[in-house]
Amino acid sequence: MNIYVLDRYTANYYKLDAVDPDQLEKMFAKDFVVFDYDERWTSKTSIGQYLGYNIDDSLTRSGTFTRSLAGKELDLFHEKQARALEQFPLFKKEFKASFDGSKPVTARYQIFTHQTYFYFYSEQRYVFGDFVRNFQQKIGTSVFFFQVGSRDMVRLSHVVDEWLDVDGRPLHYSYTWPLPSIEIEDIVMQWLEWRDIERLKDRSGRLKCSMIYERNTYIDELKNYPAKGQTVKIKNYEGNYVPAQCQSVNINTAEVFVRMTDGIPVRLPLDEVVRSPEEKQRLTAANHKDTDTRKNYWHKRPRSA
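These figures come from a predicted structure and were not determined experimentally.

### Comments concerning the overall build of the protein chain
Counting its regular elements, the protein chain contains seven helices and twelve strands. Taken across its 305 residues, the protein chain has 42% of its residues classed as buried. In the protein chain, once contacts between residues fewer than 6 apart in sequence are set aside, the share between residues at least 24 apart is 59%. Of the roughly 18300 Å² that the protein chain leaves accessible, carbon and sulfur atoms contribute 49%.

Encoded structure:
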C-alpha cells in the first residue's frame, strides 16, 4: 500500500510504497516514519510526517517506506530536536548579524546525516565563507543552511502553533496540506488591484489563500459584464444612448461603474448597459467554452525551497 508524507527536513511531499497494511492500521496522522529515496543517483534516508490522506501525485516525489519512528529511535529524534532548538537563538543572532536582510526560521537535527539544519528566509543569495566553519566550532556539530520560501518560512517555524486565528485555532500553515499559489491575475480579476496590496497578504508575505475562494464564481459571472476600459452605451438624461467607458463592475450587486465622455461617473444596473453586437457575439462564444481546461491553482506544484 501507499502513503503520503511531508519530509521533515525539506518540506517536500513523498509518496511512499511498500507499506504493510497491518502496520498502516496502527499509524495515525502526523506520526513520524523513516523512508528511503533516491537523489542524484544516491540513496538517502529521511523522516517524514504521515499525512493520513491522499494528495495529487503530481505534487509528490517517490520513496520507500522503511519503518515507523518509535522506541529509542524516536526518543533520540526528540532529544536531538530539543538540542537544535537550544542552539537556534545563537544561530539567529549571529546569522542576522552576518547576513543583513535574512530571517532565521528554525533548526532541526537530521539523525541520519548527523547534521543540524538551520533554516532561513531571504530574497538574496549568500556566500557563507568562513561563517560555516566558525559556527560549527561553536556548536560542535556539522551544519547545513537551508534557504526556504515565504510559505515554508511559516510552516517550518517552531513557533507557528503559538499563532492563533480569530477562533483560537492554530494557523493553517502548520497543517500539512499543500498551500495554493495565488497569482496577481486572481486579484485583478476580482477588481481588488486598487487596494493596498499589503492588506491582502498574510503572515508569510504571500497573497492570502482566501483570495481564490470565489475565483470560479468570478470566472463565470464576468462573462456577462463588460471588461475594464471597454466602451459601452448608456442612456443619457434625454433618453438617448451615448458612449461611456467601463471603469469597474460589482458582481455582488450586478452593477457597472462607467464614466461618460464628459467625465461624469455613473453607476448603473448591468441590464442598463448596452454592448456592441461584436461584444455580445464574443460573450456567447465564451459562455460555451469548455471550462475543464482552466488552470487549477489548488494543485500547482509548490516552489522548491
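### Here we look at unusual backbone geometry
Residue Ala18 is not a glycine yet carries a positive backbone phi of 65 degrees. Looking at the secondary structure, you find Ala18 in the loop between strand E2 (13-17) and helix H1 (21-24).

### A short note on the packing of helix H2 (residues 71-98) against helix H3 (residues 130-139)
Put simply, H2 and H3 touch, their axes get as near as 12 Å, and they point 155 degrees apart. Taken together, the axes of H2 and H3 are roughly antiparallel relative to one another. Here the hand of the crossing between H2 and H3 comes out right-handed. Between H2, through Gln87, Leu90, Phe91, Glu94, Phe95 and Ser98, and H3, the contact on the second element is made entirely by Phe131, Phe135, Lys138 and Ile139. Counted by class, the contact of H2 with H3 contains six nonpolar, two polar and two charged residues.

### A short note on the sheet that holds E2
On the basis of which strands lie adjacent, the closed barrel formed by five strands has the order E1-E2-E5-E3-E4 and mixed pairing. Within this sheet the neighbouring strands show an average axis-to-axis angle of 50 degrees, counted without direction. Note: strand E3 (residues 32-39) against strand E4 (residues 42-50), eight bridges, orientation antiparallel. Counted as the bridge partner of Asp38 is Ser43 from E4. Along the sheet face, H2 touches E3, E4 and strand E5 (60-68) and points at about 80 degrees away from the line of E3.

### Overview of the sheet that holds strand E8 (residues 142-148)
The three strands lie next to each other as E6-E7-E8, forming an open sheet whose pairing is mixed. Looking at which strands have only one partner, the edges of the open sheet turn out to be strand E6 (103-110) and E8. Pairwise comparison of adjacent strand axes, ignoring direction, gives a mean angle of 25 degrees for this sheet. Sheet analysis places strand E7 (residues 115-121) next to E8, joined by seven bridges and oriented parallel. From the neighbouring strand, Phe118 faces E8, where its bridge partner is Phe145. Relative to E6, H2 is tilted by about 150 degrees, and along the sheet it contacts E6, E7 and E8. Each of E7 and E8 is contacted by H3, which is oriented at about 125 degrees to E8, the strand it contacts most.

### Points about the packing of aromatic side chains
Taken as a whole and judged by the stated rule, the model has 32 aromatic pairs. Considering the side-chain rings of Phe120 and Tyr126, the 6.0 Å spacing of their centres and the 40 degrees angle between planes classify their relative orientation as tilted. In terms of burial, Phe120 and Tyr126 fall into one category: buried. Through a chain of ring-to-ring contacts, three or more aromatic side chains come together here, namely Phe88, Phe91, Phe95, Phe99, Phe118, Phe120, Tyr126, Phe128, Phe131, Phe135 and Phe145.

### Some points on the pattern of salt bridges
Within this structure, the stated rule accounts for seven salt bridges. A salt bridge links Lys15 to Asp57, with the nearest nitrogen and oxygen atoms 3.1 Å apart. Linking Lys15 in strand E2 with Asp57 in the loop between E4 and E5, this pair joins segments that are 42 residues apart in sequence. The exposure class of Lys15 is partly exposed, given its relative accessible area of 25%. Put simply, Asp186 and Arg215 hold a salt bridge, and the shortest N to O gap is 2.7 Å.

### Some words on the side chain of Asp186
Positionally, Asp186 belongs in helix H5 (residues 184-189). At 2.7 Å, the side chain of Asp186 and the side chain of Arg215 are in polar contact.

### What about the nonpolar core?
Of all hydrophobic cores here, the largest spans 31 residues; its most connected members are Phe95, Phe118, Tyr119, Phe135 and Phe145. Going through the elements one at a time, E3, H2, E6, E7, H3, E8 and helix H4 (150-156) are the ones with two or more residues in this core. What Phe95 contacts, discounting residues up to four positions off in sequence, is Ser102, Pro104, Phe120, Tyr126, Phe128, Phe131 and Phe145. Core analysis: the second largest hydrophobic core is formed by 19 residues, Tyr218, Val232, Val266 and Val273 among them.

### Quick look at H2
An α-helix turns once per 3.6 residues; consequently, residues spaced three or four apart project the same way. Over its 28 residues, H2 extends 40 Å from the first C-alpha to the last, a length consistent with the 40 Å expected when each residue adds 1.5 Å. In the structure, H2 departs most strongly from a straight axis at Gln87, where the bend amounts to approximately 35 degrees and where the proline Pro89 lies between one and four residues downstream. The complete set of buried residues in H2 reads Phe77, Gln81, Ala84, Gln87, Phe88, Phe91, Glu94 and Phe95.

Procedures and definitions
- In every chain, residue numbers begin from 1 and rise along the written sequence.
- Totals for whole chains, interfaces and linings use all residues, but because this is a predicted model, local features are given only for residues with pLDDT of at least 70 and pairs of side-chain atoms are given and counted only at 80 or more.
- The side-chain quantities take in all heavy atoms of the structure and omit both hydrogens and water.
- Each helix corresponds to a stretch of at least 4 residues labelled H or I by DSSP, and each strand to a stretch of at least 2 residues labelled E; elements are numbered beginning at the N terminus.
- We call a residue buried when its accessible area falls under 20% of the maximum for its residue type, exposed when it is over 50%, and partly exposed in between, using a 1.4 Å probe and counting protein chains only.
- Any two residues whose heavy atoms approach within 4.5 Å are treated as being in contact.
- Where accessible areas are quoted, they stem from the Shrake-Rupley method and a 1.4 Å probe; at the residue level, only the protein chains shown are allowed to cover.
- Under this scheme, a helix contributes an axis fitted over its contacting stretch, all axes are lines through C-alpha atoms, and angles between N-to-C directions fall in the 0 to 180 degree range.
- Angle categories are assigned with fixed cut-offs, so that under 35 degrees is roughly parallel, over 145 is roughly antiparallel, 65 to 115 is roughly perpendicular, and the rest are oblique.
- By the definition used in this description, the sense in which the near helix is turned from the far one sets the handedness, with an anticlockwise turn below a right angle giving left-handed and a clockwise turn giving right-handed.
- Residues were grouped as follows: Ala, Val, Leu, Ile, Met, Phe, Trp, Tyr, Cys and Pro as nonpolar; Asp, Glu, Lys and Arg as charged; and all remaining residues, including Gly, as polar.
- Only strands that DSSP links by at least two bridges are regarded as paired with each other.
- Pairing of aromatic rings covers Phe, Tyr and Trp, the last counted by its six-membered ring, and requires centre-to-centre distances within 6.5 Å; plane angles under 30 degrees mean stacked, over 60 mean edge-to-face, and any other angle means tilted.
- Salt bridges, as used here, are contacts in which a Lys or Arg side-chain nitrogen is within 4 Å of a carboxyl oxygen on Asp or Glu.
- Definition of a polar contact: a pair of N or O atoms within 3.5 Å, with one able to donate and the other able to accept a hydrogen when the atoms are protein atoms, and with sequence-neighbouring residues admitted only if both atoms are side-chain atoms.
- In plain words, nonpolar cores are sets of buried Ala, Val, Leu, Ile, Met, Phe, Trp, Tyr and Cys residues tied together by side-chain atoms within 4.5 Å.
- Expected helix span is given by 1.5 Å per residue-to-residue step, counting one fewer step than there are residues.
- Bend, in this description, refers to the angle at a residue between axes fitted to the seven residues ending there and the seven starting there.

Everything listed here is a matter of geometry and, on its own, says nothing about what the molecule does.
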